[in-house]
Amino acid sequence: MPPSPSADFGPWTPWTTGPRFTPRSLAETLDGGQAFRWRRAADFFEGRWDDRVVRLRLLKDRLEYAAPTGVDPLPALRSYLAAEVDFAALTDELPWRSDPVLRCAIEAFPGLRLLRQPLGETLLGFLCSSTKQIVQIKAICESLAADLGPALPDGSRALPGWERLAEAGEDRLRAAKLGYRARHIHQTARFLAERPGWLDELAEAETGPARERLLQLPGVGRKIADCVLLFGLARYEAFPIDTWVLKLLAQAYGLPAWSPAQLQDFARIHFGPRAGLAQQYLFAAARAGIIRA
DNA sequence: GCACAGGTAGATT
DNA sequence: AATCTACCTGTG
């Protein structure tokens, strides 16, 4: 966890037109595994992305935000929370009427959203994620920021950019608790450092080609590619299949022994063009033990 | 001590 | 194309 340095934060500001959450769906959205740099304080969440430090809390089911003095975080916050996207409407387009498992998951997390995070940070976070628990991934991100990241207004540090990661040797990355992931990140950092604009071009590509390009990166397979597409590029058709979703599809949906490729087809056909949103509800419900997986 | 964790890549069958 | 296996390390 980041030490919460002595920062002067501005006053809490109500965001009256902001997204609606329940305590549970806010926690799940910010700290449920889409992003890895939120921490829970007594009665608020504190998160970091790009050069931002933002606090969020729920007061009578309305969102309030605060930021270091003199900073207006609202434009960045709107983008990060994809505030213009009507997730309730997208959720209603999912096949919950005919799918009791999905319906149960949706009812458990009303207000759940898909974040729109900076692309590079999303890639970095999920390159750290393989066979790690969320708390561990968060610890790795903190370690990377502490060792290599630029300072933020409150005295904490941002995640390092790819140029900085490319400069740092693989051994230095291993020191950040990365284990074998250090090699992947080192190689990906060098790949990206040699190709300025590569990530920007990726953002312009259609989802299929964008996925193919992500798969070129060392350490990026189908699951991580889909996480980057879903949480970094708002490609809601992307359906990451991790161990939770794999078990859930096998058990709750009665699809044991289906291959990942077959399950991808099932998800696309059954859940449709917003399959990634369904995945997030199901992932949340499975982890919470609401759906047996 | 040992299995397991939001996987991927390379080898083997 | 489906099935192993190594890869690091913290956690229970």
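Just so it is clear, the model here is predicted, and its values are computed rather than measured.

Criteria and cut-off values
Residues numbered from 1 in each chain as written. Chains lettered and ligands numbered in written order. Predicted model: local features only at pLDDT ≥ 70, side-chain atom pairs only at ≥ 80, totals over all residues. Heavy atoms only, no water. Domains from an automatic or database assignment. Contact = heavy atoms within 4.5 Å. Buried area = accessible area lost by both parts, 1.4 Å probe. Salt bridge = Lys/Arg side-chain N within 4 Å of Asp/Glu carboxyl O. Polar contact = N/O pair within 3.5 Å; in protein donor to acceptor, adjacent residues only side chain to side chain. Helix = DSSP H or I, 4+ residues; strand = E, 2+ residues; numbered from the N terminus. Nonpolar A, V, L, I, M, F, W, Y, C, P; charged D, E, K, R; others polar. Near = heavy atom within 4 Å. Pairing = 2+ DSSP bridges.

(A) Structural detail: the domain arrangement of chain A. On domain assignment, one finds that chain A holds domain 1 (1-82) and domain 2 (119-232). For domain 1 and domain 2, the distance between their C-alpha centres works out to 23 Å. Taken together, the contacts link 19 residues of domain 1 with 18 residues of domain 2. For the pair domain 1 and domain 2, the two sides together bury roughly 1,600 Å², of which 63% comes from carbon and sulfur. Of the charged contacts in the structure, one is a salt bridge between D31 and K138, with a shortest N-O distance of 2.7 Å. The interface formed by domain 1 and domain 2 contains seven residue pairs in polar contact (both at pLDDT 80 or more). Contributing elements (two or more residues each) for the side of domain 1 that touches domain 2: β3 (45-49) and β4 (52-59). Broken down by class, the residue content of the side of domain 1 that touches domain 2 amounts to nine nonpolar, four polar and six charged.

(B) Representation of the protein's contact with DNA strand C within the structure. In the region of DNA strand C, the neighbouring residues are K132, Q136, R174, G179, Y180 and R181. What you see for DNA strand C is that sugar and phosphate hold 59% of its atoms within 4 Å of the protein. Within the side chain of Q136, a nitrogen or oxygen atom sits 3.0 Å from a sugar or linking oxygen of DNA strand C. In this structure, a base oxygen belonging to DNA strand C sits 3.1 Å away from a side-chain N or O atom of R181. Residue composition of the surface near DNA strand C, by class: one nonpolar, two polar and three charged.

(C) Summary view of the sheet that holds β3. Within the open sheet, the five strands sit side by side as β1-β5-β4-β3-β2. Their pairing is antiparallel. For this open sheet the edge positions go to β1 (13-14) and β2 (38-40), each flanked by a neighbour on one side alone.

(D) Spatial organisation of the pairing of β4. Two strands pair when backbone bridges link them, and β3 and β4 are joined in this way by five bridges, in the antiparallel orientation. Residue F45 lies in a different strand from β4, and its bridge partner there is L56. Between β3 and the antiparallel strand that follows it, β4, lie two residues; D50 among them carries a positive phi value of about 45°. Both β4 and strand β5 (residues 62-66) contribute to a ladder of five bridges, which runs antiparallel. Directly across from L59, in β5, lies its bridge partner R62.

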